[in-house]
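# Working through the structure, step by step
Residues per chain, in single letters:
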Amino acid sequence: MRKLILIAGPSGAGKTTISEYLLEKFCIPRVVTHTTRPKRPEEIVNQSYHFETNTSFEKLHFFEHTRYGSYQYGSSREALDKAWEKSELVSLIVDISGVEAYINAIRGQVYFLYVTASTKKELQQRLLRRGDNLAKIKERLSGSELNPLPQNLQKDAHILVNDNWIETERRLTAIIRHLQG
Ligand SMILES: Nc1nc2c(ncn2[C@@H]2O[C@H](COP(=O)(O)OP(=O)(O)O)[C@@H](O)[C@H]2O)c(=O)[nH]1
Ligand SMILES: Nc1ncnc2c1ncn2[C@@H]1O[C@H](COP(=O)(O)OP(=O)(O)O)[C@@H](O)[C@H]1O
């Protein structure tokens, strides 16, 4: 059966790192979403995101979309189907509103991985190391991303505290064995 690993969690928790690891280690492709935010230096066009202008974004047909600060983000059902043509198991990085939309639509096919780190200080340090600007980091980490998981999603969430990468690799290997088994 086609399955979707939804990866959500605060900025700096390791969502992108985990999706890249799933691709490299287990050949699990990521559904590429669209955003109007500027590309970061380490990101690759059409691989990290489809980078859009406000005008091009408005023309797309989204399954769900959201806004962070002044930037828009969205994902389409077509992109999910395209990724599923490559592999029965795919990943998708979304925020909590995106998780709710996918769970409501295709609950039986979703594995919801909520990635976090133990402290806000650690998240902040990772974002600084990643080269994010301090004002943006403060804006991100004071926003809704650090809210606890909503009650209605708690029973669906598989929580991964990504403090220690070796431990994270171990946990991911067990999860993928279970999903592919
Ligand atoms: N709902 C929704 N959220 C998205 C989508 N693409 C990315 N996001 C979320 O947008 C937020 C900001 O992403 P980004 O700017 O890449 O920052 P990051 O969390 O620091 O990597 C994150 O919570 C992502 O999970 C999407 O298509 N839909
Ligand atoms: N377990 C970990 N320990 C230390 N640093 C990590 C860990 N996992 C990821 N990182 C680093 O933290 C930074 C943020 O990770 P990233 O995957 O970009 O987070 P997100 O996509 O959730 O914002 C990156 O520089 C990444 O290399």
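Now for a description of the structure that goes with this document. (Residues numbered from 1 in each chain as written. Chains lettered and ligands numbered in written order. Predicted model: local features only at pLDDT ≥ 70, side-chain atom pairs only at ≥ 80, totals over all residues. Heavy atoms only, no water.)

### Notes on the site of ligand 2
Around ligand 2 lies a shell of 13 residues, among which Gly 12, Thr 16, Thr 17, Arg 130 and Asn 162 are the nearest. Residue Lys 15 places a side-chain N or O atom 2.9 Å away from an oxygen atom belonging to ligand 2. In this structure, Arg 126 approaches ligand 2 through a side-chain N or O atom, which is 3.5 Å from a nitrogen atom. Protein chains bury 77% of the 570 Å² of accessible surface belonging to ligand 2 in isolation. Listed by contribution, the elements that provide at least two residues to the shell around ligand 2 are helix H1 (15–26) and helix H5 (120–130). The element best represented in the shell around ligand 2 is H1, accounting for three residues. (Near = heavy atom within 4 Å. Polar contact = N/O pair within 3.5 Å; in protein donor to acceptor, adjacent residues only side chain to side chain. Areas by Shrake-Rupley, 256 points an atom, 1.4 Å probe, with all protein chains shown as cover. Helix = DSSP H or I, 4+ residues; strand = E, 2+ residues; numbered from the N terminus.)

### What about the pattern of salt bridges?
Throughout the structure, instances matching the rule amount to eight salt bridges. With a closest N to O distance of 2.8 Å, Arg 37 and Glu 43 form a salt bridge. One exposure class covers both Arg 37 and Glu 43, and it is buried. Linked by salt bridges that have partners in common, Arg 37, Arg 40 and Glu 43 make up one network. (Salt bridge = Lys/Arg side-chain N within 4 Å of Asp/Glu carboxyl O. Buried < 20%, exposed > 50% of the residue type's maximum accessible area, 1.4 Å probe, protein only.)

### Examining the site of ligand 1
The immediate surroundings of ligand 1 are formed by 20 residues, with Ser 11, Arg 37, Tyr 49, Tyr 73 and Asp 95 found nearest. A distance of 3.1 Å separates an oxygen atom of ligand 1 from a polar atom in the side chain of Lys 15. Asp 95 places a polar side-chain atom, nitrogen or oxygen, 2.7 Å from a nitrogen atom of ligand 1. In the complex, the protein chains occlude 98% of the 570 Å² of accessible area that ligand 1 would expose alone. Listing elements by their share of the shell around ligand 1, those giving two or more residues are strand E4 (64–68), strand E5 (71–75) and helix H4 (96–106). Here the residues of the shell around ligand 1 sort into five nonpolar, seven polar and eight charged. (Nonpolar A, V, L, I, M, F, W, Y, C, P; charged D, E, K, R; others polar.)

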